[in-house]
Amino acid sequence: MIEDIREGVFIKSFMEWNIDDLRWSQRYVGLEAYEIKQGELGSPVLFPVFEANTGQIYNSIVAVDNNLSFYAGMCGKGEPSQGVPVWMGGPDLRLRGLSLKKLGD
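Residues numbered from 1 in each chain as written. Predicted model: local features only at pLDDT ≥ 70, side-chain atom pairs only at ≥ 80, totals over all residues. Heavy atoms only, no water.

**Notes on the packing of aromatic side chains**
Applying the stated rule across the entire model yields 2 aromatic pairs. Counting every residue linked through ring pairs, the aromatic cluster contains F14, Y28 and F50. (Phe/Tyr/Trp six-rings, centres within 6.5 Å; stacked < 30°, edge-to-face > 60°.)

Have a look at this one:
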């Protein structure tokens, strides 16, 4: 899925994700991420962030991997914290046209 990408970022895992109650506005912060240069994975990228709405994300999908992977996680809301066990995951996606920034920008 990355062999023809000239420049990009592969986000392998996330340390933070936020989705509003309407499931429209979304924010993701990468935990393990790497540069893509000329179709090859390169140097690590420190905490890339992308924010978009659901429509922007769906409209930016240009490829979907055939492999599925799922893992257990926790979703927490409110004060005091109210954690709920959840399953997360799915196929790798190739997105085009979304802007990334660094955590803290």
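**Considering the nonpolar core**
It is characteristic of soluble globular proteins that their nonpolar side chains tend to be buried jointly. Within the largest apolar cluster, 7 residues are counted, these being I11, Y28, A33, V45, F50, A52 and I57. For this core, the secondary-structure elements that each account for two or more residues are β2 (25-37) and β4 (48-53). (Core = buried A, V, L, I, M, F, W, Y, C linked by side-chain atoms within 4.5 Å. Buried < 20%, exposed > 50% of the residue type's maximum accessible area, 1.4 Å probe, protein only. Helix = DSSP H or I, 4+ residues; strand = E, 2+ residues; numbered from the N terminus.)

**A look at the pairing of strand β6 (residues 69-77)**
Bridging between β6 and strand β7 (residues 82-90) involves 9 bridges; their strand directions are antiparallel. Paired with Y71 across the strands is M88, a residue of β7. Between β6 and β7, which pair antiparallel in sequence order, lie 4 residues; one of them, G78, sits at a positive phi of approximately 80°. (Pairing = 2+ DSSP bridges.)

**Topic: unusual backbone geometry**
Located in the positive-phi region is R23, a residue other than glycine, with phi close to 60°. By secondary structure assignment, the location of R23 is in the loop between β1 (7-19) and β2. A positive phi is found at Q38, a non-glycine position, where the angle reads about 50°. Inspection of the secondary structure puts Q38 in the loop between β2 and β3 (40-44).

**Observations regarding a nonpolar patch on the surface**
Side chains of M15, L31 and L103 sit close together on the surface and give an oily, nonpolar patch of about 250 Å² of accessible area. Positionally, L31 belongs in strand β2. The exposure class assigned to L31 is partly exposed, which follows from its relative accessible area of 46%. (Patch = residues over 30% accessible without salt bridge, like charges linked within 9 Å, V, L, I, M, F, W, Y side chains within 5 Å. Areas by Shrake-Rupley, 256 points an atom, 1.4 Å probe, with all protein chains shown as cover. Salt bridge = Lys/Arg side-chain N within 4 Å of Asp/Glu carboxyl O.)

**Here we look at the pattern of salt bridges**
With the rule as written, the count across this model stands at 4 salt bridges. Between R27 and E51 there is a salt bridge, with the nearest N and O atoms lying 3.1 Å from each other. Of this pair, R27 sits in strand β2 while E51 sits in strand β4, and the two are 24 residues apart along the sequence. Residue R27 is classed as partly exposed on the basis of its relative accessible area of 23%.

**Concerning the side chain of R94**
Checked against the element boundaries, R94 lands in strand β8 (residues 93-95). A relative accessible area of 17% places R94 in the buried class. Setting aside its immediate chain neighbours within four residues, R94 contacts M1, D4, I5, S60, I61, V62 and A63. (Contact = heavy atoms within 4.5 Å.)

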